[in-house]
Every structure is written in structure tokens, then in C-alpha cells.
Amino acid sequence: MRTVISSTQGALLRAIRRFLEEDRRGFFPAMVVEETETQAWASATFNGQRHRLELRFTGGDARDVDRMVRALGMAELVVPGHIVADIALIEHEMRDGDPMPQHRLIFEALTVAD
């Protein structure tokens with residue numbers, strides 16, 4: 001079954017990929033989207049979406065993942081018409097791969113309509 005990705009979530013995934021391509025410290029040339037989920041979100045003054053992104057990366061080690069996650073948390077991710085209010089790593093699983101390790105990362109993000 002194919003996952004349906006909202007336009008905002010697609011823009012968020014493209015912004016993450018651009019960040020990884022532009023980040024010269026990056027060790028993760030390939031990003032595979034394993035699973036996504038989006039839910040509408042609203043407060044008294046704002047509306048937006050909560051996103052759950054399960055991504056797989058090949059290469060690097062735990063220190064590389066830690067550096068990437070810290071840099072991503074401080075990055076200005078450009079999502080047209082939205083502000084990325086928060087993005088956080090909630091799970092990291094590392095598997096030995098042949099020839100390089102595989103990292104399964106689950107992020108949660110909040111985008112707010114601009």
C-alpha cells in the first residue's frame with residue numbers, strides 16, 4: 001500500500017533532503033522515506049499539521065547521526081506557506097548493513113500555516 005503524502009509534508013521532506021545535500025558535514029547521501037503520517041493541528045491562534053516521518057539513511061555512525069539531528073533541529077527549513085515550528089528525533093535504530101550501517105530515524109515535526 002502506498003502512503004499518501006500531503007503537500008505540506010512533501011515540502012517538509014524536500015526541505016530535509018535539501019538540508020542534507022547542503023550540509024557539508026553530512027554523511028547520508030541516501031534518504032529513504034519508509035512511512036509518514038500527518039494530522040491536522042490547531043491552537044487558539046494558529047493552525048497547521050503534525051507530522052511523523054520514518055526515514056532510513058545508509059552510512060555514517062552514531063556520532064554522524066547525532067551531529068545531523070542537532071544541525072537539523074537548528075536549521076531554517078523552508079516549507080512554502082508554513083513555518084517549521086518544531087522538529088525532533090523521537091527514535092533512532094541502527095542496524096548493521098552490508099557494507100554500511102542502516103539508520104532508521106523517526107522524527108516528529110509541527111508546521112504552522114504562515
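Everything in this summary refers to the structure shown in the same document. Bear in mind the structure is a predicted one, so any value in this text is a computation, not a measurement.

1. Comments concerning the nonpolar core
Step number 1: Of all hydrophobic cores here, the largest spans 23 residues; its most connected members are Leu 12, Ile 16, Leu 77, Ile 87 and Phe 107.
Step number 2: When contributions to this core are tallied by element, the ones reaching two or more residues are helix H1 (7–22), strand S2 (47–58), helix H2 (62–74), strand S3 (82–95) and strand S4 (102–113).
Step number 3: In terms of residues, this core owes the most to one element, H1, which gives 7 residues.

2. Observations concerning the packing of H1 against H2
Step number 1: Look at H1 against H2: their axes get within 11 Å of each other, and the N-to-C directions meet at 120 degrees. Taken together, the axis directions place H1 and H2 in an arrangement best described as oblique. The crossing of H1 and H2 is right-handed. Mapping the contact onto sequence places Ile 16, Phe 19 and Leu 20 in H1 and Met 68, Ala 71 and Leu 72 in H2.
Step number 2: Among the residues forming the contact of H1 with H2, the class breakdown is 6 nonpolar, no polar and no charged.

3. Side note on the environment of Val 4
Step number 1: On the secondary structure map, Val 4 appears in the segment before H1.
Step number 2: Given a relative accessible area of 76%, Val 4 falls into the exposed group.
Step number 3: On a C-alpha basis, the gap between Val 4 and Thr 38 in space is 9.4 Å, while along the polypeptide they are 34 residues apart.

4. Quick notes on the side chain of Thr 36
Step number 1: With respect to the element layout, Thr 36 can be found in strand S1 (residues 31–42).
Step number 2: A polar contact is formed between the side chain of Thr 36 and the side chain of Gln 9, at a distance of 3.2 Å.

5. Some points on the layout of surface pockets
Step number 1: Roughly 150 Å³ of volume is contained in the largest pocket.
Step number 2: Taken together, Leu 72, Gly 73, Ala 75, Glu 76, Leu 77, His 82, Ile 83, Val 84, Ala 85, Asp 86 and Ile 87 make up the full set of residues lining the largest pocket.
Step number 3: Looking at the lining of the largest pocket, the elements with two or more residues in it are H2 and S3.
Step number 4: Taken together, the residues of the lining of the largest pocket break down into 7 nonpolar, 2 polar and 2 charged.

Definitions and cut-offs
Residues numbered from 1 in each chain as written. Predicted model: local features only at pLDDT ≥ 70, side-chain atom pairs only at ≥ 80, totals over all residues. Heavy atoms only, no water. Core = buried A, V, L, I, M, F, W, Y, C linked by side-chain atoms within 4.5 Å. Buried < 20%, exposed > 50% of the residue type's maximum accessible area, 1.4 Å probe, protein only. Helix = DSSP H or I, 4+ residues; strand = E, 2+ residues; numbered from the N terminus. Axes fitted to C-alpha atoms, helices over the stretch in contact; angles between N-to-C directions. Parallel < 35°, antiparallel > 145°, perpendicular 65-115°, else oblique. Left-handed = near helix turned anticlockwise from the far one by under 90°. Contact = heavy atoms within 4.5 Å. Nonpolar A, V, L, I, M, F, W, Y, C, P; charged D, E, K, R; others polar. Polar contact = N/O pair within 3.5 Å; in protein donor to acceptor, adjacent residues only side chain to side chain. 1 Å grid on protein atoms, 1.4 Å probe; cavity = no way out; pocket = protein on both sides within 12 Å on 5 of 7 lines; lining within 4 Å. Points joined across faces, edges and corners; volume = space filled by probe spheres on them.

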